[in-house]
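Descriptive structure summary
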Amino acid sequence: MLNDTNNKLLLVLIGLYLFTENSFSQTYYSNKESSSFGFTVGLTSSDIYRDTIKYESGIFFNAGFVYTLAVTGKANIGIEILYSGKAVKRSKPIVKYRFGFVDIPFYYQLKLSDNFKLNAGIQYSKFILSQYDTLDGGNSAGVHTEHLKTKMDDDVGLLAGLEFGVSKNLFVSARYTLSSKSFLEKNSAYFGVFQLSFKYVVFRGYKQLFNKKQETAATF
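First things first, this report covers the structure right here in the doc. (Residues numbered from 1 in each chain as written. Predicted model: local features only at pLDDT ≥ 70, side-chain atom pairs only at ≥ 80, totals over all residues. Heavy atoms only, no water.)

Moving on, we come to the layout of surface pockets. Considering only enclosed or pocket space, the largest pocket measures out at about 480 Å³ in volume. Elements with a minimum of two residues in the lining of the largest pocket: β1 (28-49), β2 (56-72) and β9 (190-210). In terms of residues, the lining of the largest pocket owes the most to one element, β1, which gives five residues. When its volume is computed, the second largest pocket comes out at roughly 390 Å³. Taken together, 19 residues form the lining of the second largest pocket, with Ile48, Thr150, Lys151, Met152 and Ala189 sitting closest to its centre. Grouping the constituent residues of the lining of the second largest pocket by class yields nine nonpolar, four polar and six charged. (1 Å grid on protein atoms, 1.4 Å probe; cavity = no way out; pocket = protein on both sides within 12 Å on 5 of 7 lines; lining within 4 Å. Points joined across faces, edges and corners; volume = space filled by probe spheres on them. Helix = DSSP H or I, 4+ residues; strand = E, 2+ residues; numbered from the N terminus. Nonpolar A, V, L, I, M, F, W, Y, C, P; charged D, E, K, R; others polar.)

In structure tokens form, the structure reads like this:
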């Protein structure tokens, strides 16, 4: 009699376990985005200030990667790694000066809506190379390029910008970055840079509320 009762109790416990496992065996996700990763490419318009020649603005390109992480429902933290070409020029004589930097912008992003965001933060710029181009009729490309010795070096700047969603994954962003040398150093030349870029999101992460095993059917 006692063994029969124990067997029935064991069956009840097994049944409760399987029912519980079946009831909570799904994985639930929030519809709120927690992170995103994408690519960005665009144009860079640069000015050099405190120079003695009064160079004109030049156009070059930028390209790289973007990662954002949600910190609240209305705010993200963003970081990018970009190759940024910064250029200036002279008209008389015709000379184009080009500077290559690896830029790492780090910013706070305020989400006014899903399609409109404001950015503000700082940017570290690592100097990579510099060169200048002059007209050369003897060259098949019509241009002669040489290495440029320059005092432009690594820099830290302040940035502000906005981002507008064209579609779910495609965004247009505009940003202005000003070197901290503009107020920390009195005699150094520095860049002011405007960037217009397109960002395409290739991955989105969502907040996971529960993470259980796959649903298992009861066997009793």
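What follows covers the packing of aromatic side chains. Summed over the entire model, instances satisfying the criterion amount to eleven aromatic pairs. Ring geometry for Phe99 versus Phe191: centroids 5.5 Å apart, planes at 75 degrees, classification edge-to-face. Here Phe99, found in strand β4 (residues 95-111), pairs with Phe191, found in strand β9; they are 92 residues apart in sequence, far enough to count as distant. Considered together, Phe99 and Phe191 belong to a single accessibility category, that of buried residues. Every member of this aromatic cluster is reached through a ring pair, and the members are Phe99, Phe101, Phe127 and Phe191. Note that Lys86 overlies the ring of Phe101, its terminal NZ or CZ placed 4.4 Å from the centroid. Sitting over the face of the ring of Phe60, Arg98 holds its NZ or CZ atom 5.2 Å from the ring centroid. (Phe/Tyr/Trp six-rings, centres within 6.5 Å; stacked < 30°, edge-to-face > 60°. Buried < 20%, exposed > 50% of the residue type's maximum accessible area, 1.4 Å probe, protein only. Lys NZ or Arg CZ within 6 Å of the ring centre and 35° of its normal.)

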